[in-house]
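Per-entry structural report
Below are the chains, spelled out letter by letter.
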Amino acid sequence: MRTDQSPADFRNSPETAATTAAIEVKMVVYKQDLPPGGGFDPIEWAKRTPRKRMGGFTQFFAFVGFTTAAWVAFARNKAKRDREALELRDARIAIEPFILAERDRAFLKHIRKNRDEENELMKDVKGWETGTLWGEPVYHNVRDRFKRASLEEIITHMSPKDQDDFLWDKMKR
Amino acid sequence: MPFTNQDYLPSYEELTVPELEITSAVFRSTAHHLGKYCDNVSKEFMLCRSEEGDPRKCINEGKEVTRCAFEFLGLVKKSCLAEFNQYMQCIDHSGGEMEFKNCRKTQATFDKCVKDNLDQDRPELGFFGKVRLHSSNRPKPTPSPHILPERAPDPPDFSRKTDPSKGPQNW
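The rules behind these values
- Residues numbered from 1 in each chain as written.
- Chains lettered and ligands numbered in written order.
- Predicted model: local features only at pLDDT ≥ 70, side-chain atom pairs only at ≥ 80, totals over all residues.
- Heavy atoms only, no water.
- Disulfide = S-S within 2.5 Å.
- Helix = DSSP H or I, 4+ residues; strand = E, 2+ residues; numbered from the N terminus.
- Buried < 20%, exposed > 50% of the residue type's maximum accessible area, 1.4 Å probe, protein only.
- Patch = residues over 30% accessible without salt bridge, like charges linked within 9 Å, V, L, I, M, F, W, Y side chains within 5 Å.
- Areas by Shrake-Rupley, 256 points an atom, 1.4 Å probe, with all protein chains shown as cover.
- Salt bridge = Lys/Arg side-chain N within 4 Å of Asp/Glu carboxyl O.
- UniProt positions renumbered as here; feature names shortened; annotations may be inferred.
- Polar contact = N/O pair within 3.5 Å; in protein donor to acceptor, adjacent residues only side chain to side chain.
- Contact = heavy atoms within 4.5 Å.

**Side note on the state of the cysteines**
Residue and element names in this part refer to chain B.
- Scanning the model with the defined rule gives four disulfides over all chains in all.
- The partner cysteine of Cys48 in its disulfide is Cys58, sulfur to sulfur 2.0 Å. Between Cys48 and Cys58 the disulfide shows an S-S torsion of about -90°. By sign, it is left-handed. Placement of the pair is Cys48 in helix α3 (residues 39-52) and Cys58 in the loop between α3 and α4 (59-79), with a sequence separation of 10 residues. Across this residue pair, the class does not change: Cys48 and Cys58 are buried.
- Counting only the cysteines that take part in disulfides, in the order they occur along chain B, gives the pairing 1-4, 2-3, 5-8, 6-7.

Pasting the structure below:
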């Protein structure tokens, strides 16, 4: 308070008003950070080893047990699969003669058809003999074995569509 | 064609027989029983086919095989049609390879019917896969003789050594 001010002046001065207002504001309560009651826990400096669940023997025998069980399961599974495969193979072997017999007949028919076709096609050509190249046999066949016609000779007289089907079927096999 | 007019090829009449017009599911589902029923003729045909290596010579055996299959399938059709159809439907819808493993129940029904009516058991596992013996009346084929040309003359005697330093000695 300055000496040249009356008490009334002092009360009404702007500084005093500001100070009074400041006092009326609720003050922030500070709390000092202190250690917990009873103090901090002691510092852990020693090594902590985990609790042991299984010993070496237990682990080893567990491994052996699991592996053995897996082997047994695998062997049983494989035997089952083999049995099923053998059954399928049996079925395939069993029906082979029936398919082969039919196939042989169809093949011989086709060969005969081809020969007839060639006779018909080349009847006006002088000096042509069916199954030979101008009288010279195509194969050296002293022992009279069954001649295996080449693919081109088999499909020559087919229609283009049949040729296509035949080749596609052969390719799939 | 490599076949001349002198080569033997069977005629169409010889080659035309009623063929088995059945689908793969039928073949697969009857395979074991069919194979067992026609075991002898099948073995005869396959032996002929492998010995001769010539389809022309095994036409009759092949016809016999097809006839036997007709006979068996006719018997099945006569006595076990319902059981067979059930089994065949199951096989037909049993996976990509028409496996047997999914159809044990219908298989047992079919087997029982075949056992009752045709008195035939399902052959044991591996019956067709193992090596089996077959005695045949057909004579063993002998290939026609292979006539070879005359033998070439022996080469000269090279064992006598010559001495080049003495000049030519064979003149």
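**Regarding a nonpolar patch on the surface**
Residues and elements named next belong to chain A.
- Where nonpolar side chains cluster on the molecular surface, the patch consists of Phe57, Phe60, Phe61, Phe63 and Val64 and spans about 580 Å² of accessible area.
- Tracing the sequence through the fold places Phe57 in helix α3 (residues 56-121).
- Given a relative accessible area of 67%, Phe57 falls into the exposed group.

**What about the UniProt feature "transmembrane region" (unreviewed entry) in chain A?**
- UniProt marks residues 57-74 of chain A with the feature "transmembrane region" (unreviewed entry), using the numbering shown here.
- Secondary structure over residues 57-74 of chain A splits into 100% helix and 0% strand, and the C-alpha atoms at its two ends are 25 Å apart.

**Focus: the side chain of Thr132(A)**
- Among the structural elements, Thr132(A) can be located in strand β1 (residues 132-133).
- Since its relative accessible area comes to 8%, Thr132(A) is described here as buried.
- Reaching out from Thr132(A), the side chain makes a polar contact with the backbone oxygen of Glu129(A) at a distance of 2.8 Å.
- Of note is the side chain of Thr132(A), whose polar atom sits 3.2 Å from the backbone nitrogen of Gly135(A).
- Filtering out sequence-adjacent residues up to four positions away, Thr132(A) remains in contact with Pro137(A), Val138(A) and Thr4(B).

**Describing the interface of chain A and chain B**
- Across the boundary between the two partners, chain A contributes 44 residues, which contact 55 residues of chain B.
- A salt bridge links Arg105(A) to Glu19(B); the nearest nitrogen and oxygen atoms lie 2.8 Å apart.
- Between the two partners, chain A and chain B, sit 20 residue pairs in polar contact (both at pLDDT 80 or more).
- Elements that contribute at least two residues to the side of chain A that touches chain B include exactly α3 and α4 (151-155) of chain A.

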